[in-house]
Every structure is written in structure tokens, then in C-alpha cells.
Amino acid sequence: MANKTPIRGPKLLTKLLLLGVGLLVVPWLSYIQLLEMERLLIQGQQNAQLLMARGITTLFSNRANLIDELPIETPDTEPLYVSPLNRYIRIDGDISDWGKDSELARARRSFPLDANPETDDASFTVSFGERIDYLYGFLRVTDNSMVYRHHGDLNVYAADSVILDFVSTAGGDEQIAITFSQPGTATVYSLSKDVKGNSQVTPNSSITAFVKETPGGFDLEFSMSLALLAEPKLFSLSVVDVDDPVLRDTYKLTSTIASDSEKQLNLVVYRSSETMQLMNDLGYVEAHIIVYDGEGRIRGESRPIAKVSEEEDSSVIKTAWGFEWLRPILHPLVAGETWNVLTEEESVRQSEEALEDALQRKIPRAILRKSATGNQSVMAIQPIITGDGVIGAVTVEQSIDQILSFQQVGLRQIVVVSLIALLVVLILAAGFSFRLAYRIRKLKSETTSVLDERGRLTKQGLDSEVRAGDEIGDLARAVDDMIGRLHDHNRFIERMPRTLRHEINNPLNTLSTSLENLQAAQTDEDRANYMQSARRGILRIGSIVQNLVDAANLEESLTSETKRKVDIQALLRSYVQNQNAMLKTTEIVFESDAEPIIAEISDFHIEQMLDKLVDNAVDFHRSNSPIKIQLTQSTDFFRITVANRGAIFPEDTRHLFEMLVSQRPEESRLHFGLGLYVVRVIAEYHGGSVRALNLKDKSGVAIVIDMALRDSVEASEESEATPAKSRLLPLFNGASKPSPA
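What you see is a predicted model; the values in this text were computed from it and never measured.

Q: Could you clarify how one ought to interpret the nonpolar core in this entry?
A: Nonpolar side chains in soluble globular proteins tend to end up buried together. Judged by nonpolar contacts, the single largest core of 38 residues is most densely connected at Leu572, Met609, Ile629, Phe638, Ile640 and Ile705. No other element matches helix H12 (residues 603–620), which puts six residues into this core. Setting aside residues no more than four positions away along its own chain, isoleucine 640 makes contact with Leu572, Met609, Leu610, Ile629, Gln630, Leu631, Ile703, Val704, Ile705 and Met707.

Have a look at this one:
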């Protein structure tokens, strides 16, 4: 027993599941498109903000006074600069929550101006910041001997303390003393004089202060509302240094006032008023615009006032919740690179570098920023250039929440839709595969049951799937046709012994009887009759054997036959002439087009096919009526029609061309229904087909054979260049063309 070929390859369900997984390419492409869309949107916003910043810089390019302008002109004062603070400030004597030291260095001042604040006693450095309409101050005081205030002692000059002088909104000058009896929260008093000139000390809660002792002195941090300062905001600060804890005399008073004789208060440069007014007139309500001077100090600021509605903000937050953990997972898988999250520290560093590039190297830039709350924005930095060089810079910062919201919603939709689509596809694929497997198993089961254990057919065809219109239906119909052919073949094999026994026994009996009678015959006439009867028996046996040999060897002989180009018209004309010479009582009429018809055929088998057709026509034609053979040509095939008047075919003519099918009466023993079967085999070998038709007037029949003129490749090359030529000649003097029953 031969070894069976091993079964290889996955099952249908596995293939369909792999196909469903292959659909993941759709969300992958969607995510790539989303990344590209994000890049284009952010790049577009960066370009738009750079153009906006460039437009704003044109307002200041030739107006340096807007950058350097101070609220009032006071030559005897030293301006105190205030830096904007973007973080929550805790009053605890620690400046680390103010921001980077490089940012505070721009506004840090040392007093006295000619002293070394790190070594000179009673010297100090001061930094001012502003946040949400509050003024913050941080003093680092160098003090060789720290003297705290006694409890109950209201003389603020008898211990180390800080004095604030400013013009209040209530009218007139106001003086505030910040005192401390120990490190920690300081005590604040308002200082005033009564009508007799006596000093009055009143506790003040509008200012908060905290003191922290250091190795070289102390640090003091305080905050006060800017609403306490009248316009213009005039402000000064003094440090009272007491070194003798016993005498408690004031050792030194260090102040920010430039001239002791004039006692003019310092100027708090909060913002350039004209710059602020100009920026407010621009009307950019959705952008945060800051104007810096050449030293990097803020001279004007316009904060955005447009807010996202609570409903939109809530939607963004809900979406961002899933986006924050989903994107770091998806991005490396889809884009093939690590997802780097922009931190607040990195954002601050990039902002400093961009501002430095604008002020020093005149390079405009646009960067992404991230605030402490997690909001992302785009900042464009554009230098302000005049004929003398760079006098400042403009930054335009705008939130990209809309872009991120679009991106987050898009990613969520991609994930949800992809998962749902994938789930639906997998469910449909599983259902389809189960249904497909069920149909195939059912077809397999029925096909297997067609044969019994001995290999005999138990039924003539299939019942399952033969009416289905898909490929399984095609397979079922092919198997059904194969079973039908096997059934016919088995029937032929089963009938053949009985047929041969019956058909051969008759001529054998005749032959045996004739020989016996021949042996006993007395006269020459009797012997001649018996001899003639024996010859007829031998002839009948030879005819039976020849018919069987023709049917059995026809297909094998056709495979070894070589085709050659033959003039079909000349072949048929010669054949008809020979037949008319042999058939004395029957006329065969030949009709054809005037032009020769050349085709690649086996001329011997064409004549064999015509023999079968003419034999049938002669046997069935009406006496005194001709047999007509007609030849016509089309673009790529030729048609041979053999027609005769006489008995017509039954309604269903398809079985006429099968083996062992005959329309002859039972007494005709020399015909086994092989003639039309031979015609069909020869026609199909020549790439054609054969049909049995009844004439429209029901006066006779016609056999129509269509065969190819040449190979299909050659025919397709010439079909466009050669016009179609199809002309059917009328049959029997104008009778209608034959039509299928």
C-alpha cells in the first residue's frame, strides 16, 4: 500500500482568525495618520504663533521707549524690578519654590550698591515677585550679630527688623515694620505718629512674613497685596541692624533709597503701563503674550481670558485619563520609538534656552511647554530688533488643548472602533468558518456514503449543496456530475456482458445453425443460402466488436493525433461527393460560404464524425427528401450542420450524446447508442460543442457542431482586427433556423 501524503496547512478557522488579526493594520494606519495630523496641527500653530509674535515685534522695533519706559522719571531713585511668579508661593523663608535661580537673578538687587552682600555687615540682597495681584519679597541679610526683639518691647529700632515704606491707596505715606523675637513667623506693625509726635505701633495683618536664621545672618520672606500700593507704585525697603544686645542701639540702617537727603521712595517696576495698554489693545484673548526687555525682565504681559467651557473641559479630562496610559503603550508598538513625555523641568529649561537665543543670537523659535498642572501649550519667541541690536523679545503662548482633545478623542475612537470591528469580524469569521466547515463536512459525509464497502455506487447523485451558488455549490455539482458519469459507466459495464451475450449469441446461433445445415445440405443452392446466412452472422459479430472498439479507443487515439491545417470546405465537399457516389437512393446536399475555411483539425476524425451523423440521417430521414450538410464560418469558429426531415428528437436532448443511448427500435441490434457519443468526443477534442435541435416547423432535426478555427490565443489576437462574420444559410429552401427543443 502506497504511503499517503501527510496533511499540511492550517484549518479554515485558523486562516480566518489570522485574517481577522490582519485587520489590525487598519488601526495601525489610523494611528500613524493621527500622529501625522498631530504634527501638522502643532506645526501649523507654531507657525501661526511665530507670525503673531513677528507682528507684535513690529510695534516695538522702532519704539525702544516702550521697552525702557518707567512709570515716572525720578533720577534719584533706583528701580526695584518685579519678576512674575508662575507657581504657588509658600511663606516659609525658602526661595526654592519661586522658580529657577537663573530666572530670579534678573530681578535680584544688592544694597548698598557698592557693598559685598556676602561679607559686609547689614548689607542684603532682595528679590521681588508678583503672582495673582500679590507682591512677594525675599531678603537675604548679612548680619554678624543677630539681635531679636524682646516680647512686649514696641521699639522696632531696638532689634533687628525690616521697615517698608510706600504710598498707600488710602492716601499718604505708610510705614510697616516687620519684627521677630525668634525664627519663624514674624510680627508686623503699622508705624504712625500722633499729634504730639509720639510714635504709635499698631498690629497689621495685611502683610505676612517669615524669618529663617542662617549662618551669615537671616532670610526673610514676605507677601503683601498690590492693592495696598497707590499709582504710581512707590516703594522702599530698609534693614535695621542692631549688634549690641544690651544697649540695643541701632548700629546701621541700610535702605534701598538712593538719596538719604531727599528720602525719595524707590520705584516698583511692576509693568510698563504703555506697553500693557498697547498689548491690551491688540485683543489677543486666547494667547498669553509677554514682552521682555534686553535684560530678560518682563515689561508687559497679556494673559488669555478665553476659557474652555466646563462641558468641553470635562470631556477632555475624561478622554485624557485613558489617553495618558494608553499612548505610552501604543506608541512604541505602532511608531517603533519610545514615547517621551515632556516634563515641567524640561519645559522650563527649553524656555530659558529659547529666550536666551532670541536675546543673544536673534533666533526665533517655537517650542512645546508643559505647566505644573499638566496643560500643554506652544510658545513662540521672537526677538525685537532695532538698528542698535536686540532690545527685547516677545513670547506668544497658546494652549494646544484643542489639538490634544482632538487627538485624544481620535485615539479613543480608533481604539474603540477597531476593537469593536475586530470583535465583530472575529465573530462573523468564526460563524462563517463553522458554517463553512459544517457544509464541507456534510458534503464529505454524503460523498463518502455514495460508495459502499465494496466500492459500488449506492446512489446516482448528491442532494447537499448542489443548488448553492458559491464555490462549494460548484464543487458539489462537479462531484454530482462525476458520480453521474461513474453511474453511467458502471451501468455500461453492468449492461455490457448481458448485451454482448444477447447480441453475440444471436449471430452465433445463426452461424452455428447455418454451419450445421451447410453440413447436411444436399444441393448447391441450399449450401449457398446457408453460407450466406453464416457470412451475415460473422458480419454482425464483426460490426458489434468494431463499434465497441471504436468507443473504447476513440479518446486514446485522439490524444496521439496531430492536427494540421485543412480546408474544411474542400474536405466536406469531397466527402459529400463520395457519399453521393455510394448512396444511390439518398441525396446529400452540401452548402457553404464562397470563401475557403482553413482550420487546424484531424481530418480523419472529422470524416469519422460525419459518418456517424450521415448514418443516423440516412436511417431516420424521410424517403425522397435530401440530407443537407451546411458549413458556415464566424470570427473564431466554424459550424457544421447536418439536417434531415423525419422523426424529431424528444424535448430533452442532452442524454442523446451519452454512451449507450439510442433512439432506435429494439429490433435494431447492430447499434448500441455509440454514434452520437463519438460525435461529441470528436467535437470536444477540437475545442467545440454539439447540439441536437428540432426544426421550427417540426418537420425534422439538425445536429449542429461548433469547432474552433485555431488556438484560443491566436483567435484572441485577431478578433479585434477581423470583423465578425457569421452567416447561417437557410435550411430546406427557406425553412427557419433550428432551435433547441
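Q: Explain helix H13 (residues 675–685) here, please?
A: Since there are 3.6 residues in each turn of an α-helix, residues three or four apart along the chain are aligned in direction. Summarising burial for H13: eight of the eleven residues are buried, a large majority. All of the buried residues along H13 are Leu676, Tyr677, Val678, Val679, Arg680, Val681, Ile682 and Ala683. Directly after H13, the chain includes glycine 687, whose backbone phi takes a positive value near 70 degrees.

Q: Teacher, can you tell me more about a nonpolar patch on the surface here?
A: A cluster of nonpolar residues, Val25, Trp28, Leu29 and Ile32, forms a patch on the protein surface that exposes about 340 Å² of accessible area. You can see leucine 29 is positioned in helix H2 (residues 25–60). Residue class for leucine 29 comes out partly exposed when judged on its relative accessible area of 47%.

Q: I'm lost on the packing of H12 against H13 in this one. Help?
A: Packed helix pairs are specified by the crossing angle of their axes together with the interaxial distance, meaning the distance between the axes. Remark: H12 packs on H13, axes separated minimally by 9 Å, with the N-to-C direction vectors making an angle of 150 degrees. Helix-helix and strand crossings are classified by hand; for H12 and H13 the assignment is left-handed. Here His605, Gln608, Met609, Lys612, Leu613 and Asn616 of H12 come into contact with H13, specifically with Gly675, Leu676, Val678, Val679 and Ile682. In terms of residue class, the contact of H12 with H13 is built from six nonpolar, four polar and one charged.

Q: What is the right way to look at the environment of tyrosine 685 in this model?
A: With respect to the helices and strands, the residue tyrosine 685 is situated in helix H13. As for tyrosine 685 and serine 602, which are separated by 83 residues in sequence, their C-alpha atoms are 9.5 Å apart.

Q: Looking at this structure, how should I read unusual backbone geometry?
A: Most of the time, phi is negative for any residue but glycine, and the peptide bond is trans. For the bond from phenylalanine 111 to proline 112, the omega torsion is -10 degrees, close enough to zero to count as cis. With respect to the helices and strands, proline 112 occurs in the loop between strand E2 (109–111) and strand E3 (124–131). One non-glycine residue with positive phi stands out, namely arginine 248, at about 60 degrees. Along the chain, arginine 248 turns up in the loop between strand E12 (235–241) and strand E13 (252–255). You can call arginine 248 buried: its relative accessible area is 14%. If you check the backbone angles, asparagine 624 has positive phi at about 65 degrees while not being a glycine. Examined against the element boundaries, asparagine 624 turns out to sit in the loop between H12 and strand E23 (627–633). Accessibility expressed as a relative area gives 83% for asparagine 624, which makes it exposed.

Q: Please clarify how the pairing of strand E4 (residues 134–142) should be interpreted in this entry.
A: Sheet faces and side chains relate simply in a regular strand, where the side chains alternate between the two faces. Of all the nine residues making up E4, seven are buried; the element is thus mostly covered by neighbouring parts of the structure. By the bridge criterion, eight bridges tie E3 to E4 in an arrangement that is antiparallel. Residue pairing across strands places serine 127 opposite phenylalanine 138, the latter belonging to E4. Between the end of E3 and the start of E4, which pair antiparallel, lie two residues, with isoleucine 132 showing a positive phi angle near 50 degrees. Where E4 meets strand E11 (residues 217–225), nine bridges bridge the pair, whose relative direction is antiparallel. Its bridge partner being in E11, valine 141 is matched across the sheet by phenylalanine 218.

What counts, and at which threshold
Residues numbered from 1 in each chain as written. Predicted model: local features only at pLDDT ≥ 70, side-chain atom pairs only at ≥ 80, totals over all residues. Heavy atoms only, no water. Core = buried A, V, L, I, M, F, W, Y, C linked by side-chain atoms within 4.5 Å. Buried < 20%, exposed > 50% of the residue type's maximum accessible area, 1.4 Å probe, protein only. Helix = DSSP H or I, 4+ residues; strand = E, 2+ residues; numbered from the N terminus. Contact = heavy atoms within 4.5 Å. Patch = residues over 30% accessible without salt bridge, like charges linked within 9 Å, V, L, I, M, F, W, Y side chains within 5 Å. Areas by Shrake-Rupley, 256 points an atom, 1.4 Å probe, with all protein chains shown as cover. Salt bridge = Lys/Arg side-chain N within 4 Å of Asp/Glu carboxyl O. Axes fitted to C-alpha atoms, helices over the stretch in contact; angles between N-to-C directions. Left-handed = near helix turned anticlockwise from the far one by under 90°. Nonpolar A, V, L, I, M, F, W, Y, C, P; charged D, E, K, R; others polar. Pairing = 2+ DSSP bridges.

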